Amino acid sequence: ELELKFFYSIVPSSCFMCVSGAVFGFFSGTGRTKIIATVNTSMCVLNIVFDYALIYGVPFLRIPSMGIVGAGLATSICAMLGMFWAMIVFLKEKQEMYPTRRLLNFQWWRLTKLAYYGMPSGLQVLLGSGGFTFFQFMIGYMGANELTTSSILITLNNLAFAVIIGFCDATS
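Owing to the predicted nature of the structure, the values given are computational and were not obtained by experimental measurement.

**Student:** Can you help me understand the overall build of the protein in this one?
**Tutor:** Secondary structure summary: the protein contains five helices and zero strands in total. For the protein, the succession of helices and strands along the chain, N to C, is α-α-α-α-α. For 172 residues, the compact-globule estimate of 2.2 N^0.38 gives 16 Å, and the C-alpha radius of gyration of the protein, at 21 Å, exceeds that figure by more than 25%. In terms of overall dimensions, the protein has a C-alpha envelope of 60 × 55 × 30 Å along the principal axes. Classification of the 172 residues of the protein by burial places 20% in the buried group. Charged side chains in the protein number 10 positive and 7 negative. The centres of these two groups are separated by 19 Å.

Shown next, in the form of structure tokens:
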């Protein structure tokens, strides 16, 4: 029951993060990663403050203790604030070098081209993730010990590959 409450309180953050990701892609592509780092770091620090306030409550500010729902709400609020901050910086962008507002017309041919090239990759990720999820469910049916062992091994595997992926991202 608590996991559903947490899920429903944190779901809005995914929408805000998608919009932020698109805006951050612009700043990353133009070589201004300090904006991304500033917004994300500030929102992480603010999330810590909001987590404390919403999980445990602050009586003198009349903020009630919300427990795990407060943790999800804190994350969603910070994601929303980060999205607004990123959008404000993006919209204040000088239009001489990157005329983003003037080029806001929708072009169907670009969408079809994106779908043409993106569908195979998306299908590959869907099948890979679906196969992995199915495999984890099958292990879960074997028993709790088997599922725990599988989870530990997958975590160790991800830890080993995270370093390599980090080096690849840093060099590209």
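After presenting the structure, the write-up continues.
**Student:** Explanation requested: the packing of aromatic side chains in the structure shown.
**Tutor:** In this description, an aromatic ring pair is defined by two values, namely the gap between the centres and the angle between the planes. According to the stated counting rule, one finds seven aromatic pairs in the structure shown. With centroids separated by 6.5 Å and ring planes inclined at 85°, the aromatic side chains of phenylalanine 27 and phenylalanine 90 adopt a geometry described as edge-to-face. Placement of the pair is phenylalanine 27 in helix 1 (residues 2-29) and phenylalanine 90 in helix 3 (residues 68-91), with a sequence separation of 63 residues. On the accessibility criterion, phenylalanine 27 (0% relative accessible area) is buried. Ring pairing ties together the aromatic residues Phe26, Phe27, Phe90 and Tyr98, which thus form one cluster.

**Student:** Looking at this structure, I do not really get the state of the cysteines. What am I missing?
**Tutor:** Note on terminology: disulfide describes a covalent bond linking the sulfur atoms of two cysteines. Taken as a whole and judged by the stated rule, the model has zero disulfides. No disulfide involves cysteine 78; its sulfur sits 8.5 Å from that of cysteine 44, the nearest cysteine.

**Student:** I tried to follow the nonpolar core on my own but got confused; where do I start?
**Tutor:** The tendency in soluble globular proteins is for nonpolar side chains to be buried side by side. Of all hydrophobic cores here, the largest spans nine residues; its members are Val23, Phe24, Phe26, Phe27, Ile36, Val39, Met43, Ala86 and Phe90. Listed by contribution, the elements that provide at least two residues to this core are helix 1, helix 2 (33-56) and helix 3. Those residues in contact with phenylalanine 27 that sit more than four places away from it in its chain are Arg32, Thr33, Ile35, Ile36, Ala86, Val89, Phe90 and Glu93.

**Student:** Help me understand the environment of arginine 62, please; the structure alone is not making it clear to me.
**Tutor:** Topologically, arginine 62 is positioned in the loop between helix 2 and helix 3. Judged by its relative accessible area of 79%, arginine 62 is exposed. The spacing of arginine 62 and threonine 30 is 32 residues in sequence and 44 Å in space, taken between C-alpha atoms.

**Student:** What is the right way to look at the packing of helix 1 against helix 3 in this model?
**Tutor:** Between helix 1 and helix 3, the shortest axis-to-axis distance is 8 Å and the interhelical angle comes to 15°. It follows that helix 1 is roughly parallel to helix 3 by the angle criterion. In this structure, helix 1 meets helix 3 at a crossing whose hand is left-handed. Of the residues in the contact of helix 1 with helix 3, the class split is 22 nonpolar, seven polar and one charged.

**Student:** Please explain helix 5 (residues 144-171) as it appears in this structure.
**Tutor:** Because each turn of an α-helix spans 3.6 residues, side chains separated by three or four positions end up pointing in the same direction. Look at helix 5: 40 Å from first C-alpha to last across 28 residues, which is about the 40 Å you get at 1.5 Å a residue. At alanine 162, helix 5 shows its maximal kink, close to 25°.

**Student:** Would you take a moment to explain a nonpolar patch on the surface for this structure?
**Tutor:** Together, Leu73, Ile77, Leu81, Phe84 and Ile88 line one region of the surface with nonpolar side chains, adding up to about 380 Å² of accessible area. Locating isoleucine 88 in the fold gives a position in helix 3. Given a relative accessible area of 48%, isoleucine 88 falls into the partly exposed group.

**Student:** How do you make sense of helix 1 when you look at a structure like this?
**Tutor:** In this model helix 1 runs 40 Å from its N-terminal to its C-terminal C-alpha over 28 residues, within 8% of the 40 Å that 1.5 Å per residue would give. Residues of helix 1 that are buried: Ser9, Ser13, Ser20, Val23, Phe24, Phe26 and Phe27. Looking at the buried residues of helix 1, the elements they touch are helix 2 and helix 3. Positive backbone phi, at 80°, marks glycine 31, one or two positions downstream of helix 1.

Cut-offs applied
- Residues numbered from 1 in each chain as written.
- Predicted model: local features only at pLDDT ≥ 70, side-chain atom pairs only at ≥ 80, totals over all residues.
- Heavy atoms only, no water.
- Helix = DSSP H or I, 4+ residues; strand = E, 2+ residues; numbered from the N terminus.
- Rg over C-alpha atoms; globule rule 2.2 N^0.38 Å.
- Buried < 20%, exposed > 50% of the residue type's maximum accessible area, 1.4 Å probe, protein only.
- Lys, Arg positive; Asp, Glu negative; His and termini not counted.
- Charge placed at Lys NZ, Arg CZ, Asp CG, Glu CD.
- Phe/Tyr/Trp six-rings, centres within 6.5 Å; stacked < 30°, edge-to-face > 60°.
- Disulfide = S-S within 2.5 Å.
- Core = buried A, V, L, I, M, F, W, Y, C linked by side-chain atoms within 4.5 Å.
- Contact = heavy atoms within 4.5 Å.
- Axes fitted to C-alpha atoms, helices over the stretch in contact; angles between N-to-C directions.
- Parallel < 35°, antiparallel > 145°, perpendicular 65-115°, else oblique.
- Left-handed = near helix turned anticlockwise from the far one by under 90°.
- Nonpolar A, V, L, I, M, F, W, Y, C, P; charged D, E, K, R; others polar.
- Expected span 1.5 Å × (residues − 1).
- Bend = angle between axes of the 7 residues up to and from the residue.
- Patch = residues over 30% accessible without salt bridge, like charges linked within 9 Å, V, L, I, M, F, W, Y side chains within 5 Å.
- Areas by Shrake-Rupley, 256 points an atom, 1.4 Å probe, with all protein chains shown as cover.
- Salt bridge = Lys/Arg side-chain N within 4 Å of Asp/Glu carboxyl O.

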